Amino acid sequence: MKTGLAIFLLLFCLTGCITNPSQPVSYYQLEAKSIAEEKRVELNHVLLVDKVQLIELFDQQALVQYQPENKVNIANFHFWAQPPSDMLSWNLVNALNATNKTTAIKSDKFYRNTQEHQRLVVEINEFAGHFEKGAVMSGTWYLYQYKERSYQLTQVQPFQFETTLEQDGFSALVTAHQKNFNQLTAQISLHL
Amino acid sequence: MTTQADIEDKPKFSVIWIIPIIALLITGWMLYQHQANKGHTIFIKMTDADGIIAGKTEVRVKSVKVGLVESLKLELAQNAVVAKVRILQPYRDLLAEDSSFWVVKPRIDESGISGMNTLLSGVYIELSPGEANARSSIFTLMDEPALISSEVQGKRYQLVASDAEVLDVGSSIFFRNYKVGQVESAHFSVESLKMEYGIFIYSPYDTLITENAIFWISSGIDFKLSTEGVEVSTGSLAKMIKGGISVDYPPTMPSGTVALENKTYALHKNFAMALEQRFDHFDYYLIEFEQSIRGLRAGAPIEYRGMRIGTIEQVPATGVSDDRPLYFQQNNTSVPVLVKIEYGRIYEDAQLAQTYWSENIDKWISSGLRASLKSGNLLTGAVYIELDFYPSAEVVSSNKTAIYPVLPSVPSGITALSEQVTSLLNKLNGLPLETTVKELEGALQQHRLLAMEMNQLVESINNNKITDKIGGNLTSLKDTLSQLTSSLKQFEQTMTQYQKGSGVMDQLSNTLEELESLSNRLKPISKGLNEQPNMLIFNKESDADPLPRKNK
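Rules used in this analysis
- Residues numbered from 1 in each chain as written.
- Chains lettered and ligands numbered in written order.
- Predicted model: local features only at pLDDT ≥ 70, side-chain atom pairs only at ≥ 80, totals over all residues.
- Heavy atoms only, no water.
- Helix = DSSP H or I, 4+ residues; strand = E, 2+ residues; numbered from the N terminus.
- Buried < 20%, exposed > 50% of the residue type's maximum accessible area, 1.4 Å probe, protein only.
- Contact = heavy atoms within 4.5 Å.
- Areas by Shrake-Rupley, 256 points an atom, 1.4 Å probe, with all protein chains shown as cover.
- Pairing = 2+ DSSP bridges.
- Axes fitted to C-alpha atoms, helices over the stretch in contact; angles between N-to-C directions.
- Patch = residues over 30% accessible without salt bridge, like charges linked within 9 Å, V, L, I, M, F, W, Y side chains within 5 Å.
- Salt bridge = Lys/Arg side-chain N within 4 Å of Asp/Glu carboxyl O.
- pLDDT = per-residue confidence, 0-100.
- Phe/Tyr/Trp six-rings, centres within 6.5 Å; stacked < 30°, edge-to-face > 60°.
- Lys NZ or Arg CZ within 6 Å of the ring centre and 35° of its normal.
- Core = buried A, V, L, I, M, F, W, Y, C linked by side-chain atoms within 4.5 Å.
- Parallel < 35°, antiparallel > 145°, perpendicular 65-115°, else oblique.
- Left-handed = near helix turned anticlockwise from the far one by under 90°.
- Nonpolar A, V, L, I, M, F, W, Y, C, P; charged D, E, K, R; others polar.

### Regarding the overall build of chain A
Right, on to step 1. Along chain A, the regular secondary structure elements total 3 helices and 9 strands.
Right, on to step 2. Ordered by position in the sequence, the α and β elements of chain A form the string α-β-β-β-β-β-α-β-β-β-β-α.
Right, on to step 3. Here chain A, with 192 residues, has 46% of them falling under the buried criterion.
Right, on to step 4. Intrachain contacts of chain A at a sequence separation of at least 6 include 67% that bridge at least 24 residues.

Structure, rendered in structure tokens:
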């Protein structure tokens with residue numbers, strides 16, 4: 001009898017610990033441009049794209065927002081669907097391929113050819129929401145040319161994009177990020 | 001009719017008298033009770049009645065009132081004050097003949113501060129009950145409190161000190177720095193010209209006092225300058241202030257059997273002296289030196305090849321032979337030194353050592369045993385005597401004086417050095433140089449023959465085409481090197497599999513990428529745990545994220 005009562009009390013207490021989450025978790029993904037299905041692969045104009053490098057604060061799935069008084073908020077309920085470096089890398093490859101100016105390949109995907117090609121390195125220093133500016137994205141990209149068995153730096157381009165939000169909410173923030181990213185790909189493709 | 005009255009005899013004792021008799025008996029009983037309850041009157045003689053007030057000063061045992069000072073009377077004839085004290089009836093048995101009384105008043109002495117409570121309450125007389133069967137009514141007030149109560153268990157011993165410093169009554173006795181007793185009495189004996197101490201060792205430490213125990217004054221600081229150098233030793237601060245007596249066993253001796261009570265021990269000046277004096281099994285010997293004995297002091301050691309076997313007793317020896325001092329002897333220019341050969345230093349069983357020494361000393365002297373002066377301390381210039389064998393020493397007779405046996409000596413220093421040089425030269429003279437030169441000449445001839453044989457051997461090696469064999473070995477060495485080169489190439493090929501772009505490296509790269517991805521996925525959990533450590537059990541209670549706002 002006593003044992004049964006004790007088990008009941010224990011279960012009762014544990015039940016009290018279990019509550020429904022106070023807020024649902026949301027996941028977001030930047031839109032990847034579709035590649036033309038019949039795109040001709042031209043291996044004589046290859047662009048190797050290195051994995052996009054983000055500083056540690058922004059290279060996490062939680063959405064990051066700059067707050068007043070130099071505070072930074074790392075979201076508890078709003079996440080990217082995948083790590084931003086992976087998401088931006090793949091979207092960058094897709095977007096550059098969609099421009100039909102080059103054949104973009106991720107640099108770690110077994111490209112062994114020694115013929116001349118280009119290589120793109122993108123470093124992102126800011127990739128966050130901002131309490132005033134909306135969405136901000138800044139950094140530098142580097143373009144290398146492979147010649148005589150070594151890479152030669154041919155172009156360095158800093159970038160900084162800011163897009164205000166069209167309405168309140170995280171969806172609007174993700175849309176603003178999307179616009180910034182589109183501006184980046186447009187800028188890179190312009191210099192290829 | 002006449003009637004005659006009956007006349008009864010008058011009773012001799014009227015009943016009415018019973019009443020006064022009873023009253024008388026009751027009065028007598030009350031007087032007896034009063035007298036009996038008044039207690040026992042004693043008289044305490046004292047030199048000074050400082051602080052004692054008649055009718056107020058109490059007599060106490062263990063702070064319990066057992067009596068009261070009734071009156072004080074000045075006895076000019078005896079130059080004393082006699083206090084009449086009434087001891088309460090129940091405590092009559094405390095008045096044994098050897099009971100002691102002293103005044104308890106504020107005191108500051110080496111044992112600390114005591115009697116402070118009497119500053120307000122006034123002094124009182126403390127009674128320490130004795131153990132004797134006989135009772136007494138006259139006592140003498142002690143100047144100082146009784147050190148050892150009769151109830152304290154322990155044993156009493158006597159110490160006699162001839163040259164140690166004087167200690168006060170109450171000084172502590174330490175066994176390895178732990179207090180085990182104290183000095184009960186101290187007085188200077190006019191007869192023996194020595195200090196005699198009565199000491200009390202508390203039980204159970206009285207079992208530490210054995211036949212082999214040695215006592216010495218522990219003054220706190222001991223400074224010793226000897227042939228072994230300067231030695232300073234200090235005790236604890238309390239011991240430095242209070243001093244005391246230390247008791248212990250000689251380091252290399254067993255403790256022995258427990259000593260009987262009232263045994264008398266010698267109290268030595270310091271530990272070293274205590275160790276020295278226990279070698280009471282010795283013989284005197286005389287050593288005559290034909291050189292300066294500057295630096296030799298009484299108490300310096302006498303050693304045999306570094307092993308101490310005795311002590312210098314007198315420098316120079318003041319013995320008299322033929323009604324003359326030893327160094328007044330005719331035809332004797334030597335300086336005599338009296339030494340003690342202490343057999344306890346030679347062997348634990350002194351008797352056995354003495355027998356061995358006595359049986360062999362003459363033989364040793366005839367074999368060259370001699371005493372010589374050695375420098376013990378260059379700083380102080382102190383010297384000691386060392387015994388050693390000098391086979392080349394002049395043969396001497398073992399006994400020269402009638403007082404003590406003589407140990408012959410050899411000069412040391414420059415004299416000894418010259419003797420050693422002479423001995424060395426004698427040895428050199430004794431060397432068979434001619435024979436050695438001849439043997440050396442023979443050895444050189446043999447060496448020439450050997451060189452010739454070596455030449456012949458080299459020629460025969462050249463003739464036997466040894467170089468061809470070496471050439472063949474070099475060829476095989478070349479083959480081996482080519483095999484080694486082939487192996488190194490294979491190793492290089494193996495290593496290329498691990499270079500960038502190789503399959504292995506690709507697999508490794510993928511694995512690292514997966515690990516990085518996993519690390520990224522764990523970041524929110526890590527953040528949540530950091531903010532709320534119990535989130536794995538309880539629901540996460542995170543604040544709502546700030547809503548991104550459209551810029552106004």
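Having put the structure on the table, let's press on.
### Concerning the overall build of chain B
Right, on to step 1. Scanning chain B from N- to C-terminus turns up 10 helices and 27 strands.
Right, on to step 2. Per-residue burial for chain B yields a buried fraction of 31% across its 552 residues.
Right, on to step 3. Sequence-distant contacts in chain B: of pairs separated by 6 or more residues, those separated by 24 or more amount to 65%.
Right, on to step 4. Roughly 36,500 Å² of accessible area belongs to chain B as shown, and the carbon and sulfur atoms make up 56% of that amount.

### Comments concerning the sheet that holds strand β9 (residues 138-142) of chain B
Residues and elements named next belong to chain B.
Right, on to step 1. If you walk around this closed barrel you meet the 7 strands as β1-β4-β3-β2-β8-β5-β9, and the pairing is mixed. Strand-to-strand twist across the sheet, computed as the mean angle between neighbouring axes with direction ignored, equals 35°.
Right, on to step 2. In this structure, strand β2 (residues 58-61) lies alongside strand β8 (residues 124-128), joined through 2 bridges in parallel fashion. Following the sheet pairing, R60 is matched in β8 by E126.

### Looking at the pairing of strand β21 (residues 307-314) of chain B
Residues and elements named next belong to chain B.
Right, on to step 1. As paired elements, strand β20 (residues 301-304) and β21 share 4 bridges and run antiparallel to each other. The residue of β21 that forms the bridge with P301 is T311.
Right, on to step 2. Linking β20 back to β21 in an antiparallel pair, the connection comprises 2 residues, with R305 at a positive phi of about 50°.

### Some details on a nonpolar patch on the surface
Right, on to step 1. On the surface, F13, V15, I16, W17, I18, I19, I21, I22, L25, I26, W29 and M30 of chain B cluster together into a nonpolar patch covering about 1,300 Å² of accessible area.
Right, on to step 2. Topologically, L25 of chain B is positioned in helix α1 (residues 18-37).

### Digging into the environment of A104 of chain A
Residues and elements named next belong to chain A.
Right, on to step 1. As for its position among the elements, A104 is in strand β6 (residues 103-106).
Right, on to step 2. A relative accessible area of 7% places A104 in the buried class.
Right, on to step 3. The residues touching A104, leaving out its near neighbours within four places in the chain, are L47, V49, V93, L96 and N97.

### A word on the pattern of salt bridges
All names here are of chain B.
Right, on to step 1. This model, assessed by the stated rule, comprises 16 salt bridges over all chains.
Right, on to step 2. In this structure, the salt-bridge partner of R345 is E342, at a minimum N-O distance of 2.4 Å. For the pair shown, R345 and E342 are each scored as buried.
Right, on to step 3. It is possible to trace a salt-bridge network through shared partners that takes in E313, K340, E342 and R345.

### Examining the confidence of the model for chain A
Right, on to step 1. A residue-level look at chain A finds 81% of positions with pLDDT of 70 or above and a mean pLDDT of 83.
Right, on to step 2. Least confident of the elements in chain A is helix α1 (residues 2-17) of chain A, whose mean pLDDT is 61; most confident is strand β7 (residues 118-130) of chain A, at 93.

### So, the packing of aromatic side chains
Right, on to step 1. Within the structure shown, the criterion is met by 18 aromatic pairs over all chains.
Right, on to step 2. When the centroid spacing of 5.6 Å and the interplanar angle of 65° are considered together, the rings of Y356 of chain B and W364 of chain B count as edge-to-face.
Right, on to step 3. Judged by relative accessible area, W364 of chain B falls into the buried class, the value being 18%.
Right, on to step 4. An aromatic cluster is built from Y285, Y343, Y356, W357 and W364 of chain B, whose rings are joined through pairwise contacts.
Right, on to step 5. When the ring centre of Y151 of chain A is taken as origin, the NZ or CZ atom of R119 of chain A, which lies over that ring, is 5.0 Å away.
Right, on to step 6. Across from the ring centre of Y265 of chain B, 5.2 Å away, lies the NZ or CZ of K263 of chain B, which sits over that ring.

### Focus: the nonpolar core
Right, on to step 1. Counting 39 residues, the largest nonpolar core has L92, L120, V122, I124 and F127 of chain A as its most contacted members.
Right, on to step 2. Contributing elements (two or more residues each) for this core: β2 (46-49), β4 (62-67), β5 (71-80), α2 (84-98), β7, β8 (134-147), β9 (150-163) and α3 (170-191) of chain A.
Right, on to step 3. A total of 8 residues in this core trace back to one element, the largest contributor, which is α3 of chain A.
Right, on to step 4. Counting residues in hydrophobic clusters, the runner-up holds 26 residues, among them I287, I293, A353 and L407 of chain B.

### A short note on the sheet that holds β21 of chain B
Residues and elements named next belong to chain B.
Right, on to step 1. One open sheet holds the 7 strands; their spatial order is β25-β26-β20-β21-β24-β19-β27, and the pairing between them is mixed. The open sheet has two edge strands, β25 (369-377) and β27 (406-407), and neither has a second partner.
Right, on to step 2. Relative to strand β26 (residues 382-389), β25 is paired through 8 bridges, and the arrangement is antiparallel. Residue pairing in the sheet places S372 in a bridge with E386 of β26.
Right, on to step 3. Across the sheet, helix α6 (residues 350-366) is in contact with β19 (282-289), β21, β24 (335-342), β25, β26 and β27; its angle to β25 comes to roughly 105°.

### Section: the packing of α2 of chain A against α3 of chain A
Residue and element names in this part refer to chain A.
Right, on to step 1. Direction vectors running N to C along α2 and α3 enclose 50°, while the axes themselves pass 10 Å from each other. In terms of orientation, α2 lies oblique with respect to α3. Handedness of the crossing formed by α2 with α3: right-handed. Counted together, L88, N91, L92, A95 and L96 of α2 and F181, T185, I188 and S189 of α3 form the full contact between these two elements.
Right, on to step 2. Within the contact of α2 with α3, the residues separate by chemical class into 6 nonpolar, 3 polar and no charged.

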